[in-house]
Amino acid sequence: MSRGKLWEKLRPYVMIGPAMIGIGLFVIYPLFYLIYLSLFKFNLMNRNMSKFVGLDNYIQILGRQDFYKSLTNTVVYTAGVVILTLALSLLIAVWLSKRTRVNAIVQAGIFTPHIISIVSVSLIWLWMMEPSLGFLNYILKGLGLPTSQWLQSSKSAMMSIIIVSVWQAIGYYTLILVAALQGVSPTIYEAAALDNASKVKVFRKITLPLISPQLFFILIIMTIGSFKVFDTVKIMTGGGPNNATNTLVYYIYSYRTTNIGYAAAAGVVLMIIIGILTIIYFRLMAKKVHYQ
Amino acid sequence: MKKFFSIFAALFLVLGILAACGNEEKTEGTPKDTSKEPAQEEPEGKVTIQFWHSLGGVNGEYLDAMIKRFNESQDKVEVVGTFQGTYDETSTKLQQAISANTAPDIAMIERAYVQMFAEAEVLEDLKPYFKDSDVKESDFVKGLMGHSTFNKKLVSLPLNRSTPILHVNKTMLDEAGLEVPKTWDELKEVANKLVVKEGNEVKRYGLTMPYDTWYPIAMISQSKGKFFNDKKTSVDFVKNGIGKDVFQYLKDMQNTGALFYPPQTDSGNIVNQMFSSGKVAMMFQSTGSIGGIAQQATFDYETAFLPKNDVYATPTGGGNVAMLASSEHKKAAWQFMNFMMSDPQGLQQFIVESGYLPFTKKMAESKPIQDLWAKEPNRKTAYEQLEYATDTNKDTAWPEVMHEFFAAIEAIMYDNADIDKSLDTFTKETERILGQ
């Protein structure tokens, strides 16, 4: 092999080297270290006292009620947020897809929550949802409707968190869908109009398939993102009442001081779940996505 | 071939990094110098001591003022105080800092976490330092030293200590012609009589307490129960029925509207506000909130012992101060600790300002504290109550068990879960944790 050829072979690796070092250091190494930690009853402060326990942490996780509770909560949360956000932002996007000045203003308004820190959003909703002094119950009372305990009852706490997350997310996804709708070539609609196709039919047979790549993208991003929900839970409920809003990531977080090994094992389980979800999505849904 | 090469390159990279980090671990893993010799060579010039604490707000300012007084009193040692968030946050940060070899010299540790740090052998034994100091071990009030020793080592000293206490809106009780309750039965009766309802809505409650394990634990020891059994293999208060009594008592009061049990987030501030604004007549709450309430209350405000069931009893709380074994300036660090414990300008002044408990007999007998008590007898109650202080939840695994106890409290208080069943689950989890 001549020197030129060798360089030819090596060049790509040298080029991606810096990026790979970053990935190795901040993604791959921590990942292996997480798995390593999960096999120990780990003593963070005095490593000599750490005890190798094999798969004990995993056995304990799979045998514990509260883990399944937080897993179920996470699934409920994810399903609630993904379905509601997708449906609502699609609805709003269709309504806003015509380029008029009013629509631009409305769209900016709907987008605003996205640029506000989720911490502020949570704190303000926390305040509004206060059962005896809060704004929401004041309105409900004024309209003669039954009031809710919102975050303070284990029955309505999850719903309340979902409302806040959906409210915050809609604007961003509406923006993506509006762009997708405006990207559909008008000639296709003109052809459909010539054929006297009904509005419902146009939407189902033309609009939906043509924006399916964006819908698919939103679905994946949101499912994975929702599985990792943390901030709203941390600020608004602390996982309660009675674990009603304890999600996987919060579950991991709550063991940070007392049992790092167990928390790491739960982290590995979360990683596996998200990995499986992603694979399923790509395998199944990719077939149904219509690319022009 | 190409694929093989890329896989090989990636593997090589990962292994290299892992190996590098592995080496690092080994050097970190060697036990740090835990020599008990307090005498150490001090470098020339001014020594800087890092001090982490959990006091923000007004109390943080009082603490900063004390640090300033120390720094100005001499020119050898400079103490830098850093606020690290709540007790829990400070503990978490301290764990990580110790692991990364960047720990401070002195740290405030919430008393229940002390055992966990002591077990990891990262706290300095303070006994040898007492030799040439202005304080003696016997000067400290016994009830507050429960968390200070571990395996015969003295690993921490009191700093900002508190106990729960009964806060009373005396005006409200007087209006109803009621006496301040001294027993559980009286408490239940008084609390129920003070309830004001409009239809189904409770407008005024009799009693409230923050969402915390502190208050149920107080009630357990008032019923002559202990949290852990003596062998530290299980909990003591469940099988003998005390736990059931405690929670049944709370549930009965909650069901009639006599007890308001607050939501878990921000519960301390919520109950303080309700009490100050006259929405609840009595409150179990820390002595640490006396100052704040006294400022806001427009009514006749009194404090009293927590009512007794079989006996008077109270757990203690608040923060201790510990020296890290990894500190390089132990002598200087002790100089500061000695100042805090013994100098009238040290913690004594801080306690006068903040309302925490004096923890040495000398402090309690000092003129500033005696004057304060004469002026505000509310603050004296807690010190007197220390006679009945007992901590039965001492164990290295307490932080983890606490997690489970909270789960039981939430299930019972928020979701009306069956008391026996919840406590059984709790016992099972605790035994598993203690068995590890």
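Residue numbers restart at each chain and count upward from 1, following the sequence in its written direction. Think of it this way: whatever chain is written first is A, whatever ligand is written first is 1, and the rest follow in order. In keeping with the predicted nature of the model, local features appear solely for residues at pLDDT of at least 70, side-chain atom pairs appear and are counted solely at 80 or more, and the whole-chain, interface and lining totals rest on all residues. As a rule here, side-chain values cover all heavy atoms of the structure and leave hydrogens and water aside.

## Details of the packing of aromatic side chains
- Two aromatic rings from Phe, Tyr or Trp, using only the six-membered ring of Trp, form a pair when their centres are within 6.5 Å; if the ring planes differ by under 30 degrees the pair is stacked, by over 60 it is edge-to-face, and anything between is tilted. One pass over the structure, following the stated rule, counts 44 aromatic pairs over all chains.
- Centroid distance Phe51 of chain B to Phe336 of chain B: 5.6 Å. Interplanar angle 65°. Geometry classified as edge-to-face. Within this pair, whereas Phe51 of chain B is found in strand 1 (residues 47-53), its partner Phe336 of chain B is found in helix 11 (residues 330-342), the two being separated by 285 residues in sequence.
- For Phe336 of chain B, a relative accessible area of 0% puts it in the buried group.
- We call a charge positioned above a ring when the Lys NZ or Arg CZ atom is no farther than 6 Å from the ring centre and deviates by at most 35 degrees from the ring normal. The side chain of Arg256 of chain A reaches across the aromatic face of Tyr253 of chain A, ending 4.1 Å from its centre. Think of it this way: any DSSP run of H or I at least four residues long counts as a helix, any run of E at least two long counts as a strand, and we number them from the N terminus. For every residue, the accessible area obtained with a 1.4 Å probe (protein chains only) is divided by the maximum for its type, and the residue is called buried under 20%, exposed over 50%, and partly exposed between those limits.

## Describing unusual backbone geometry
- Notably, Asn196 of chain A is not glycine yet its phi reads approximately 60°, a positive angle.
- Within the element layout of this structure, Asn196 of chain A appears in the loop between helix 8 (186-194) and helix 9 (199-210).

## Quick notes on the interface of chain B and chain A
- Two residues form a contact once any of their heavy atoms are found within 4.5 Å. Each partner contributes residues to the interface: chain B has 45 residues there, and chain A has 40 residues.
- In this assembly, chain B packs against chain A so that about 3500 Å² is buried in total across both faces, 58% of it on carbon and sulfur atoms.
- Definition used for salt bridges: Asp or Glu carboxyl oxygen within 4 Å of a side-chain nitrogen of Lys or Arg. The interface formed by chain B and chain A contains 2 salt bridges.
- Contacts described as polar in this section are N or O atom pairs within 3.5 Å, which, within protein, must combine one atom able to donate a hydrogen with one able to accept it, while residues neighboring in sequence count only if both atoms come from side chains. Between chain B and chain A we count 9 residue pairs in polar contact (both at pLDDT 80 or more) in total. When two parts are put together, the accessible area they lose, computed with a 1.4 Å probe and summed over both, is reported as buried area.

## Structural notes on the pattern of salt bridges
- One pass over the structure, following the stated rule, counts 18 salt bridges over all chains.
- Linking Arg64 of chain A and Glu429 of chain B is a salt bridge whose minimum nitrogen-to-oxygen distance equals 3.6 Å. Within this pair, whereas Arg64 of chain A is found in the loop between helix 2 (56-62) and helix 3 (65-96), its partner Glu429 of chain B is found in helix 17 (residues 419-435), the two belonging to separate chains. Assigned by exposure class, Arg64 of chain A and Glu429 of chain B land together as buried.
- With a closest N to O distance of 3.0 Å, Asp174 of chain B and Lys170 of chain B form a salt bridge. Separated by 4 residues within a single helix, Asp174 of chain B and Lys170 of chain B lie in helix 5 (residues 170-175), roughly one turn from each other.
- For Asp174 of chain B, a relative accessible area of 42% corresponds to the partly exposed category.

## Section: the sheet that holds strand 1 of chain B
All names here are of chain B.
- The strand order 2-1-3-13-6 describes an open sheet built from 5 strands, whose pairing is mixed. Looking at which strands have only one partner, the edges of the open sheet turn out to be strand 2 (77-83) and strand 6 (157-162). Between one strand and the next, the sheet's axes are offset by a mean angle of 20°, whatever the strand orientation.
- Fitting a line to C-alpha atoms yields each axis, with helices limited to the stretch in contact; the angle taken between N-to-C directions then spans 0 to 180 degrees. Across the sheet, helix 3 (residues 87-99) lies against strand 1, strand 3 (106-110), strand 6 and strand 13 (317-323), angled at about 130° from strand 3, the strand it touches most. Any two strands are treated as partners once DSSP identifies two or more bridges connecting them.

## What about the nonpolar core?
Residues and elements named next belong to chain B.
- Among the nonpolar cores identified, the biggest contains 76 residues, and Phe117, Leu123, Leu207, Phe227, Phe237 and Met282 are the most heavily contacted of them.
- If one sorts the elements of this core by residue count, helix 16 (residues 398-415) sits on top with 10 residues.
- The start and end points of each domain follow an automatic or database-based domain assignment. If you count residues domain by domain, this core takes at least three from each of domain 1 (47-161 + 318-365) and domain 2 (164-315 + 390-435).
- With sequence-adjacent residues up to four places away left out, Leu207 is seen in contact with Leu166, Leu187, Ala191, Met253, Ala258, Leu259, Phe260, Val280, Met282, Met283 and Phe284.
- Among the nonpolar cores identified, the runner-up in size contains 49 residues, and Tyr129, Ala332, Met340 and Ala389 belong to it. Side-chain atoms within 4.5 Å are what join buried Ala, Val, Leu, Ile, Met, Phe, Trp, Tyr and Cys residues into a set we call a nonpolar core.

## Side note on the environment of Gly355 of chain B
- By secondary structure assignment, the location of Gly355 of chain B is in the loop between helix 12 (344-354) and helix 13 (361-365).
- Separated by 67 residues in sequence, Gly355 of chain B and Ser422 of chain B place their C-alpha atoms 37 Å apart.

## Brief notes about the domain arrangement of chain B
Residue and element names in this part refer to chain B.
- Partitioning chain B into domains gives domain 1 (47-161 + 318-365) and domain 2 (164-315 + 390-435).
- Between the C-alpha centres of domain 1 and domain 2 the distance comes to 29 Å.
- Across the boundary between the two partners, domain 1 contributes 11 residues, which contact 10 residues of domain 2.
- Roughly 990 Å² of surface becomes buried between domain 1 and domain 2 when both sides are summed, with 54% attributable to carbon and sulfur atoms.
- Where domain 1 meets domain 2, there are 1 salt bridge.
- Across the pair Asp391 and Arg111 runs a salt bridge whose closest N-O atoms are separated by 3.6 Å.
- Taken together, the connections running from domain 1 to domain 2 amount to 1 residue pair in polar contact (both at pLDDT 80 or more).
- For the side of domain 1 that touches domain 2, the leading source of residues is helix 4 (residues 114-119), giving 3 residues.
- Here the nonpolar group is Ala, Val, Leu, Ile, Met, Phe, Trp, Tyr, Cys and Pro; Asp, Glu, Lys and Arg are the charged ones; every other residue, Gly included, is treated as polar. Class assignment for the residues of the side of domain 1 that touches domain 2 results in 4 nonpolar, 5 polar and 2 charged.

## Quick notes on helix 8 (residues 242-256) of chain B
All names here are of chain B.
- For helix 8, spanning 15 residues, the distance from its first C-alpha to its last is 22 Å, which sits close to the expected 21 Å at 1.5 Å a residue.
- Where helix 8 is buried, its residues contact helix 6 (184-193), strand 9 (201-208), helix 7 (214-222), strand 10 (259-260), helix 16 and helix 17.
- With its phi angle positive at about 90°, Gly257 sits one or two positions after the end of helix 8. One less than the number of residues in a helix, times 1.5 Å, gives the span that helix is expected to have.

## A look at the pairing of strand 9 of chain B
All names here are of chain B.
- Where strand 8 (residues 196-198) meets strand 9, 3 bridges bridge the pair, whose relative direction is antiparallel. Within the sheet, the bridge partner assigned to Val196 lies in strand 9 and is Arg204.
- Where strand 9 lies against strand 11 (residues 280-286), 3 bridges are found, and the strand directions are parallel. What sits directly across from Thr208, in strand 11, is Met283.
- When strand 9 meets strand 10, the two strands line up parallel, connected through 2 bridges. When the bridges of strand 10 are listed, Thr208 appears paired with Phe260.

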